[in-house]
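Analysis of the macromolecular model
Residue strings, one per chain:
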Amino acid sequence: MADHRQAPRRRGQGELEALVLSALAEADGPATAGWVQERLGGDLAYTTVITILTRLLAKGAVTRERAGRSFAWTPVSDQAGLAAHRMRRVLDAESDREAVLASFVTGLGPDDERLLRDLLGRAGGVRRSRDEGED
């Protein structure tokens, strides 16, 4: 008789990073890798959690401080901040920034385009008021 059980679905690196960041965001302060592992239900190996945290550290998404023989980790920003950081890294890696941005903007749906226009308008107003305050 054949065994028809499905193997557990393999999660992508970005998904694991998002899970770890979410767990860290729920912590009351810096959290250890063991705490993160427990918070995620223990289905990830401790070494996997350490690997993900180390990758997030290299990306500037978390900081760490010594906690005995281990480290305690703190998120630098939320999930939206990490996504924005990834977007900036992709943009910085391209030689023709204008073409990349133009392609991105023309691919937006009407709702996202409206939202982007609103955000840019607000950011421009903040910049103008800062510039006017400087002498």
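Up top you'll find the structure we're talking about.
I will try to describe carefully the structure that is included in this document. Model, not experiment: these values are computed from the prediction.

1. Here's the deal with the pattern of salt bridges
- Summed over the entire model, instances satisfying the criterion amount to five salt bridges.
- Taking the shortest distance from any N to any O, the salt bridge between K59 and E17 comes out at 2.8 Å. Of this pair, K59 sits in the loop between α3 (46–58) and β2 (62–67) while E17 is found in helix α1 (residues 13–26), placing the two residues 42 residues apart along the sequence.
- A residue is classified by how much of its surface remains accessible, and K59, at 16% relative accessible area, is buried.
- Residue E17 is classed as buried on the basis of its relative accessible area of 1%.
- R114 is the partner of D111 in a salt bridge, and the nearest nitrogen-oxygen pair spans 3.0 Å. Separated by three residues within a single helix, D111 and R114 lie in helix α6 (residues 110–133), roughly one turn from each other.
- Classification of R114 as partly exposed rests on a relative accessible area of 48%.

2. Considering the sheet that holds β2
- The three strands lie next to each other as β1-β3-β2, forming an open sheet whose pairing is antiparallel. Of all the strands in the sheet, the pair left with one neighbour each is β1 (31–32) and β2.
- Bridge count for β1 against strand β3 (residues 70–75) is two bridges, and the pairing is antiparallel. Along β3, the bridge assignment pairs T32 with A72.
- Packing against the sheet, α3 makes contact with β2 and β3, and its axis sits at approximately 120° to β2.

3. Some thoughts on the packing of aromatic side chains
- For the structure on display, the rule yields one aromatic pair.
- Positioned above the aromatic ring of F71, the side-chain terminus of R64 is 4.0 Å from the ring centre.
- The ring of F71 has R66 lying over it, and the distance from NZ or CZ to the ring centre is 4.4 Å.

4. A short note on the side chain of E17
- For E17, the side chain forms a polar contact with the side chain of K59, separated by 2.8 Å.
- When neighbours within four sequence positions are excluded, E17 is seen to be in contact with I52, R55, L56, K59 and R86.

5. Details of a nonpolar patch on the surface
- Nonpolar side chains collect at one region of the surface, where M87, F104 and V105 lie side by side and expose about 270 Å² of accessible area between them.
- With respect to the helices and strands, M87 occurs in helix α4 (residues 79–92).

Rules used throughout
Residues numbered from 1 in each chain as written. Predicted model: local features only at pLDDT ≥ 70, side-chain atom pairs only at ≥ 80, totals over all residues. Heavy atoms only, no water. Salt bridge = Lys/Arg side-chain N within 4 Å of Asp/Glu carboxyl O. Helix = DSSP H or I, 4+ residues; strand = E, 2+ residues; numbered from the N terminus. Buried < 20%, exposed > 50% of the residue type's maximum accessible area, 1.4 Å probe, protein only. Pairing = 2+ DSSP bridges. Contact = heavy atoms within 4.5 Å. Axes fitted to C-alpha atoms, helices over the stretch in contact; angles between N-to-C directions. Phe/Tyr/Trp six-rings, centres within 6.5 Å; stacked < 30°, edge-to-face > 60°. Lys NZ or Arg CZ within 6 Å of the ring centre and 35° of its normal. Polar contact = N/O pair within 3.5 Å; in protein donor to acceptor, adjacent residues only side chain to side chain. Patch = residues over 30% accessible without salt bridge, like charges linked within 9 Å, V, L, I, M, F, W, Y side chains within 5 Å. Areas by Shrake-Rupley, 256 points an atom, 1.4 Å probe, with all protein chains shown as cover.

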